[in-house]
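In case you want the letters, here they are:
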Amino acid sequence: MATQVASAKGVRESVFEWEGKDRNGRIVRGDLRAGGESQVQATLRRQGILVTKVKKRRLRSGKRIRPKDIAIFTRQLATMMKAGVPLLQSFDIVGRGNPNPNVTRLVNDIRADIETGTSMAAAFRKYPLHFNNLYCNLVEAGEAAGILERLLDRLATYMEKTEAIKSKIRSALMYPAAVVVVAFVVVTVIMIFVIPAFKDVFSSFGADLPAPTLMVIAMSEFFRQWWFLILGAPVLGGYLFLQAWRRSEKVQMFMDRLLLRVPIFGQLVEKSTVARWTRTLSTMFAAGVPLVESLDSVGGASGNIVYRQATDKIQQEVSSGTSLTEAMTGANIFPSMVLQLTAIGEESGALDHMLGKAADFYEAEVDELVAGLSSLMEPFIIVFLGTIIGGIVIAMYLPIFKLGQVV
């Protein structure tokens, strides 16, 4: 048996685990959200339960809440509501079953707000770090139209597809990034620990060393003298760059434009951005959100400041009476296929369906590009590692070959 009550205003609630006996003498257990043990005792006493044990549940700090956690929460909540489970009970079940204590705490806080009469959309808006405008607008539209479970299901599908695209892009970039890091660590170890041993051997030769060998030995001396700078500078530089990327709009604009122009990877970024843009607008429009209001959330969801600024311009033009197709054409960043499907959707009155078709197409394109990049990068990475490690090995063995020729 599990019961929860609303918190008194200004009182911080905790979750208490309790054990007791009901009116028939049977042992019952459960958990209760309350402001203190006395409130737990009073609430259970009113239910006819003789409490024998009350213990405050200690929540671990847990991992941070990721977008994937919110997508799973949305899917579970949609499933519960479609199955006919009452809203508050759905929150209880979803919160109790989540392995991340931070998600459990977030769900319980939202549930407490809803229980006191706050609308679900308003409760979600209190946590903008986890629930963006798109999420809250769709929930609000579902509450107003009485189709909350359907829109939660649509929202969960949208978030799952978006996270799948992000995961594929991360996997495509992870392999070369990992190889570069491993190569850097290996070269550093060779320069600091291996090359000095060769230098001691070569000093006993009493002969002039080849230029490649002298260059590698000089690099080794530099690594040994400035190892803390060599190891710390990339980490510090990467951290400062990421902070500037997040906080400076100029840096964001520069990097987002650059990413769209990078060979091969630029296509991947462009197609994934277009897929997210069309998927977001399709989801919002299908939920009954007006087009101009839908465009509010679309630009930010695209994940690229170039598309975000273009969306702001499109929104202004659409609000002044311009058709969506014409406004998108003027932005000059959308592929012709997207423009054609948008035009067909506007003429036929099935804009959400045609935008969904465009999103499906570009999501499939992203899948193919990721698969192609994985196979294409392997030979380049092998050549890259072979050139670096092989060059060092050859440079260090040149004096030995030269000595063998003399002997």
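Residues numbered from 1 in each chain as written. Predicted model: local features only at pLDDT ≥ 70, side-chain atom pairs only at ≥ 80, totals over all residues. Heavy atoms only, no water.

Would you mind going over the overall build of the protein with me for this structure?
Each helix and strand counted, the protein has 16 helices and three strands in total. Against the 2.2 N^0.38 benchmark of 22 Å for 407 residues, the protein shows a C-alpha radius of gyration of 30 Å, more extended than a compact globule. Along the longest, intermediate and shortest principal axes, the C-alpha atoms of the protein span 100 × 65 × 35 Å. Every one of the 407 residues in the protein was classed for burial, and the buried ones make up 40%. In the protein, the proportion of contacts linking residues at least 24 apart, taken out of those at least 6 apart, comes to 62%. Summing over all exposed atoms, the protein offers an accessible surface of approximately 22500 Å²; the carbon and sulfur share of this is 60%. Each charge class in the protein was averaged separately, 46 positive and 37 negative side chains, and the resulting centres sit 9 Å apart. (Helix = DSSP H or I, 4+ residues; strand = E, 2+ residues; numbered from the N terminus. Rg over C-alpha atoms; globule rule 2.2 N^0.38 Å. Buried < 20%, exposed > 50% of the residue type's maximum accessible area, 1.4 Å probe, protein only. Contact = heavy atoms within 4.5 Å. Areas by Shrake-Rupley, 256 points an atom, 1.4 Å probe, with all protein chains shown as cover. Lys, Arg positive; Asp, Glu negative; His and termini not counted. Charge placed at Lys NZ, Arg CZ, Asp CG, Glu CD.)

Looking at this structure, I do not really get the environment of Lys-63. What am I missing?
Position of Lys-63 relative to the elements: it lies in the loop between β3 (50-56) and α2 (67-82). A sequence separation of 324 residues divides Lys-63 from Thr-387, and the C-alpha atoms of the two residues are 41 Å apart.

Got a minute to help me understand helix α6 (residues 133-145) in this structure?
For an α-helix, the turn length of 3.6 residues means that residues three or four places apart are oriented alike. Here α6 spans 18 Å end to end across 13 residues, near enough to the 18 Å set by a 1.5 Å rise per residue. For α6, the set of buried residues is Leu-134, Tyr-135, Cys-136, Leu-138, Val-139 and Gly-142. Those residues of α6 hidden inside the fold are in contact with α2, α5 (120-125), α7 (148-203), α11 (265-286) and α12 (291-301). (Expected span 1.5 Å × (residues − 1).)

Would you explain the layout of surface pockets in this entry?
A water-sized probe rolled over the atoms picks out the places where empty space is left. The space that makes up the largest pocket amounts to roughly 2200 Å³. Surrounding the largest pocket, 50 residues form its lining, Pro-67, Lys-166, Arg-170, Arg-276 and Gly-303 being those nearest its centre. Among the secondary structure elements, those contributing two or more residues to the lining of the largest pocket are α2, α6, α7, α9 (227-247), α10 (249-261), α11, α12 and α13 (305-319). The element best represented in the lining of the largest pocket is α7, accounting for nine residues. (1 Å grid on protein atoms, 1.4 Å probe; cavity = no way out; pocket = protein on both sides within 12 Å on 5 of 7 lines; lining within 4 Å. Points joined across faces, edges and corners; volume = space filled by probe spheres on them.)

The values reported here are purely geometric and, on their own, carry no functional implication.
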